[in-house]
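Residue-level structure breakdown
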Amino acid sequence: MAVLKLDKINKIYPNGVQAVFDFNLEIKDREFIVLVGPSGCGKSTTLRMIAGLEEITAGDFYIDGVRVNEKAPKERDVAMVFQSYALYPHMTVYDNIGYGLKLRGMEPEEIEEKVTEVADILELTPYLHRKPKSLSGGQRQRVALGRAIVREAKVFLLDEPLSNLDAKLRVQMRTELIKIHEKISEKFDTSTIYVTHDQIEAMTMGDRIVVMRDGYIQQVASPKEIYNEPVNMFVAGFMGTPPMNFIKGSVDKDGWFCFGDHKLQVPLGKIKVLKEKGYIDQAIFLGIRPEDIHNDPVVCETYPNSSLNIKVDLVELLGSETNLYFTLDEQTAVASIPTQKIERNQELKLAFDMNQCHFFDTVTELAIK
């Protein structure tokens, strides 16, 4: 079993810079947690504090109910995979995976048994006698994973392990990592913490996502909840490609969201919330995802009160989808539509699915719910 609890964890460096503020999180047994956020948000620092590679300035960290703040990395029963893989170039795959066990003084027969088992899980058996230089990027990544897995640690830590791979291999390795987690969590009761700045990795891999910004946790939730119910504008804008559109305006007493010469009808349920919270005729942000803006003529005719005429500024072809960039009242927006023949400067009518829209406070940037 591996249950982790981080209670009001803070990290302040000797120069006075604080990297992590009051980090609170409980991680369940066998859970796959993803820490995501932009560079410098404190996610890797948090991972290193869990590993014991960084000292915790304040707060308490528990593994299975035992406080481990002062314990050395080797005493915490954690295994870490670094971004650089850090493989020994002069050693074979077999020796790289089993090196840690050898240092512990484990018998050769037992090392062979464990390395063989892990190699089978990671599909590395045909490569056990090769050296890292003769392996592909994905195979080297699996060797680094194998070296961590073979320790049978309670906690498995991954610090941006796919960042050195090309785009196609990253997609393949995401799938493999999920399968690997399922295998090792079932066999060794291992919990996994994964750090990335890539929101696609976070959305596709995590049981829960921890979104961080400037050292603070912004939201902890399932990928679906993070995407559909963001707590603030940062989470709403960071999670999603292209990011959510934000349009500044106000909702009048008749239920229209007005900005410049444009207006969109707001659903009754959302108007009720805005009235209860005192936001009628107050400046707010409308948030709507690009995929919730449509150019289908039937949709536009069905919802004339939530449709606007626009002029396309830029067309971005992405295979089966196309992103259309346009300007509304000097505010840039983007719609993601099925690919079709649309050209720059073309005039279109777009329907906004206001049932899927969000509203945010202009000062706090918190979602209005």
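Higher on the page you've got the structure.
Residues numbered from 1 in each chain as written. Predicted model: local features only at pLDDT ≥ 70, side-chain atom pairs only at ≥ 80, totals over all residues. Heavy atoms only, no water.

What follows concerns unusual backbone geometry. In this model, Thr241 is joined to Pro242 through a cis peptide bond whose omega is -10 degrees. Of note, Pro242 is situated in the loop between α8 (233-238) and β11 (245-251). Of note, the phi angle at Asp64 is positive, near 55 degrees, even though the residue is not glycine. Its identity is not glycine, yet Glu160 carries a phi of approximately 45 degrees, on the positive side. Topologically, Glu160 is positioned in the loop between β7 (155-159) and α5 (167-188). (Helix = DSSP H or I, 4+ residues; strand = E, 2+ residues; numbered from the N terminus.)

Moving on: the nonpolar core. Ranked by size, the top nonpolar core spans 47 residues in total, and within it Leu145, Ile149, Phe156 and Met239 carry the most contacts. With six residues, α5 is the single largest residue contributor to this core. Formed by 31 residues, the second largest nonpolar core is a distinct cluster that contains Leu286, Ile288, Phe326 and Ile368. (Core = buried A, V, L, I, M, F, W, Y, C linked by side-chain atoms within 4.5 Å. Buried < 20%, exposed > 50% of the residue type's maximum accessible area, 1.4 Å probe, protein only.)

Mapped onto the elements, Arg147 comes out in helix α4 (residues 137-149). Contact partners of Arg147, with chain neighbours within four places excluded, come to Tyr85, Ala86, Leu87, Tyr88, Asn96 and Ile97. (Contact = heavy atoms within 4.5 Å.)

Right, let's get into the pattern of salt bridges. Taken as a whole and judged by the stated rule, the model has 10 salt bridges. In this structure, Arg67 engages Glu70 in a salt bridge whose closest nitrogen and oxygen atoms are separated by 2.7 Å. On the basis of relative accessible area, Arg67 is assigned to the partly exposed category, the value being 36%. Residue classification places Glu70 among the exposed residues on the basis of a relative accessible area of 65%. Put simply, Asp198 and Arg170 hold a salt bridge, and the shortest N to O gap is 3.2 Å. With Asp198 in the loop between β8 (191-196) and α6 (199-205) and Arg170 in helix α5, the pair connects residues that are 28 residues apart, well separated along the chain. With respect to class, Asp198 is no different from Arg170; both count as buried. A cluster of three or more residues bridged by salt bridges with shared partners is formed by Lys11, Arg48 and Glu54. (Salt bridge = Lys/Arg side-chain N within 4 Å of Asp/Glu carboxyl O.)

In terms of burial, helix α1 (residues 43-51) is a largely internal element, seven of the nine residues being buried. Taken as a whole, α1 has its buried residues at Lys43, Thr45, Thr46, Leu47, Met49, Ile50 and Ala51. Two residues or fewer after α1 comes Gly52, characterised by a positive phi angle close to 90 degrees.

This part is about empty space enclosed by the protein. According to the stated counting rule, one finds one cavity of 30 Å³ or more in the structure shown. As a volume, the largest cavity reaches approximately 40 Å³. If you go around the largest cavity, the residues you meet are Ala79, Ala148, Ile149, Glu152, Ala153, Phe156, Ile184, Phe188 and Thr190. Elements with a minimum of two residues in the lining of the largest cavity: α4 and α5. (1 Å grid on protein atoms, 1.4 Å probe; cavity = no way out; pocket = protein on both sides within 12 Å on 5 of 7 lines; lining within 4 Å. Points joined across faces, edges and corners; volume = space filled by probe spheres on them.)

Keep in mind these values describe shape, not function.
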